[in-house]
Amino acid sequence: MPTENTDATEESRTAATGTVVVLGATGHQGGSVAAALRADGWDVRALVRDPAGSRARSLAAAGIETVRGDLGDPGSLRAAFSGAHGVFSVQPNAGQAGAVVSNGDEVRFGTTVADIAGESGVAHLVYSSAGVVGTTPTGVAHLDTKMRVESHIRGLGIAATVLRPATFMELLVAPDTGLDRGRMSFLMRPDQSHQVIAVRDIGRVAAAVFGAPSGTSAGRWRSPGTR
């Protein structure tokens, strides 16, 4: 992938035409991407396990097409990606609370999505990684999975963008941070700066990337954080 782009202006964005498939649309990050794409005028197709579930029904009520599928079912991915302009790819990972996937699952899901996006003729794949990921291992297994997926995408030669969002700002007000007890316990020290980003802004960045002209669509974007 060529050099990193860090912002997009309204002038550099094209009219939203076509369908973008959003993975993880019933979750926080994918949901923010789906909402931002709809706001920009894209047709959005969400891959969901249960179209009758409450979150899927909320998506449908917002004008988002829901299709049944699973990251572990390549056939359902091919059906969902058919005729799509773009795909937003995010996977569950073993570092999440209550995770039911392994590190190997995450790599398999992420690389399979990329492979099928390429096979399906998708014009633009956007993959959500993590802010600390680079080209060398971090030593943290559930982060190095993303490095492996990024490397696989680079080797495919498809038009793709990697987002590397910082820590979700919403985690600062999660119940286990201690704010309800008058103090904050988080992944940083009082004298340490830490980048954070609101999940809603990740959606806005992803939508801006899909709206970028084809001349910049193969660039890598890093979602902004605040200190």
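Quick caveat, the model's predicted, so the values are computed rather than measured.

**Student:** Is there a simple way to think about the packing of helix α1 (residues 28-39) against helix α6 (residues 199-210) in this case?
**Tutor:** What describes two packed helices is the angle between their axes and the distance between those same axes. The contact between α1 and α6 brings their axes to 7 Å, and the two run at 50 degrees. Our classification of the angle between α1 and α6 gives oblique. Both α1 and α6 take part in a crossing whose hand is right-handed. Within the contact between the two elements, α1 uses H28, Q29, S32, V33, A36 and L37 and α6 uses V199, R200, I202, G203, R204, A206, A207 and F210. The residue makeup of the contact of α1 with α6, split by class, is 8 nonpolar, 4 polar and 2 charged.

**Student:** It is not clear to me how the packing of helix α4 (residues 103-119) against helix α5 (residues 141-156) should be interpreted in this structure. Could you clarify?
**Tutor:** α5 packs onto α4 with a crossing angle of 20 degrees between their chain directions and a minimal axis gap of 9 Å. Classed by the angle they form, the pair α4 and α5 counts as roughly parallel. Taken as a pair, α4 and α5 cross one another with a handedness that is right-handed. Across the interface between the two elements, N103, E106, V107, G110, T111, A114 and D115 of α4 pack against A141, H142, T145, K146, R148, V149, H152, I153 and L156 of α5.

**Student:** Would you mind going over the packing of aromatic side chains with me for this structure?
**Tutor:** The final tally for this structure, using the stated rule, is 1 aromatic pair. Considering the side-chain rings of W42 and F210, the 6.4 Å spacing of their centres and the 65 degrees angle between planes classify their relative orientation as edge-to-face. Remark: F210 occurs in helix α6 and W42 occurs in the loop between α1 and β3 (43-48); sequence separation between them is 168 residues. By the burial criterion, W42 is buried, and F210 matches it.

Quick notes on the rules
Residues numbered from 1 in each chain as written. Predicted model: local features only at pLDDT ≥ 70, side-chain atom pairs only at ≥ 80, totals over all residues. Heavy atoms only, no water. Axes fitted to C-alpha atoms, helices over the stretch in contact; angles between N-to-C directions. Helix = DSSP H or I, 4+ residues; strand = E, 2+ residues; numbered from the N terminus. Parallel < 35°, antiparallel > 145°, perpendicular 65-115°, else oblique. Left-handed = near helix turned anticlockwise from the far one by under 90°. Contact = heavy atoms within 4.5 Å. Nonpolar A, V, L, I, M, F, W, Y, C, P; charged D, E, K, R; others polar. Phe/Tyr/Trp six-rings, centres within 6.5 Å; stacked < 30°, edge-to-face > 60°. Buried < 20%, exposed > 50% of the residue type's maximum accessible area, 1.4 Å probe, protein only.

This is a description of form; function is not addressed.
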